[in-house]
Amino acid sequence: VQLQASGGGLVQAGGSLRLSCAASGRTFSNYFMGWFRQAPGKEREFVAAISWSGGSTYYADSVKGRFTISRDNAKNTVYLQMNSLKPEDTAAYYCAARGGRNVATMYLAAGWDYWGQGTQVTVSS
């Protein structure tokens, strides 16, 4: 699976951004999709994930209530709507895909099979 993320940028605190990740190469609906982020000097951390059909979503506590993950299987695209952005949300955001079904490993970067390039999100105070 090839993943192409887009939509990052510079935004003021309290603002919104929507990230997109377009997938190609395999049957998109066979994969769990997710978003991770990595700030300079920090480990890559889980942000959100969505199941194959979109019926189940998972969020890190730090973004719950502010971010929404969704997917359009007809367009082979996953989205991350980010509202009420904070300076601490500043990071490179990566989309990822996994074929595994063990939800316990979903929260770890090592539990994902395919990665897109990062898209930078910078939130100014």
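The notes below deal with the structure included here. The model shown is predicted, which means the values in this text are computed figures rather than measured ones. (Residues numbered from 1 in each chain as written. Predicted model: local features only at pLDDT ≥ 70, side-chain atom pairs only at ≥ 80, totals over all residues. Heavy atoms only, no water.)

### Here's the deal with the pattern of salt bridges
One pass over the structure, following the stated rule, counts four salt bridges. Where Asp89 meets Arg37, a salt bridge forms, and the shortest distance between an N and an O atom there is 2.9 Å. With a gap of 52 residues between them, Asp89 in the loop between β8 (77-82) and β9 (91-98) and Arg37 in strand β4 (residues 32-38) connect regions that are remote in the sequence. Note on accessibility: Asp89 and Arg37 belong to one class, buried. Measuring nitrogen to oxygen at the nearest pair gives 3.2 Å for the salt bridge that ties Lys64 to Asp61. Overall, Asp61 belongs to the exposed group, its relative accessible area being 67%. When salt bridges with common partners are traced through the structure, they connect Arg37, Glu45, Arg66 and Asp89 into a single cluster. (Salt bridge = Lys/Arg side-chain N within 4 Å of Asp/Glu carboxyl O. Helix = DSSP H or I, 4+ residues; strand = E, 2+ residues; numbered from the N terminus. Buried < 20%, exposed > 50% of the residue type's maximum accessible area, 1.4 Å probe, protein only.)

### As for the sheet that holds β8
The strand order across the open sheet formed by four strands is β1-β3-β8-β7, and the pairing between neighbours is antiparallel. Edge strands, defined here as strands with exactly one partner in the open sheet, are β1 (2-6) and β7 (67-72). Taking the axes of each pair of neighbouring strands and ignoring which way they run, one obtains an average angle of 15° across the sheet. Here six bridges tie β7 to β8, and the two strands are oriented antiparallel to one another. Considered in β8, the bridge of Asp72 is made with Thr77. (Pairing = 2+ DSSP bridges. Axes fitted to C-alpha atoms, helices over the stretch in contact; angles between N-to-C directions.)

### A closer look at the state of the cysteines
Tallied over the entire structure, the rule returns one disulfide. One disulfide bridge connects Cys21 with Cys95, the sulfur atoms lying 2.1 Å from each other. With the S-S bond torsion at 55°, the cross-link from Cys21 to Cys95 turns out right-handed. Of this pair, Cys21 sits in strand β3 (residues 17-24) while Cys95 sits in strand β9; the two residues are 74 residues apart in sequence, bridging distant segments of the chain. The class for Cys95 is buried, based on a relative accessible area of 0%. (Disulfide = S-S within 2.5 Å.)

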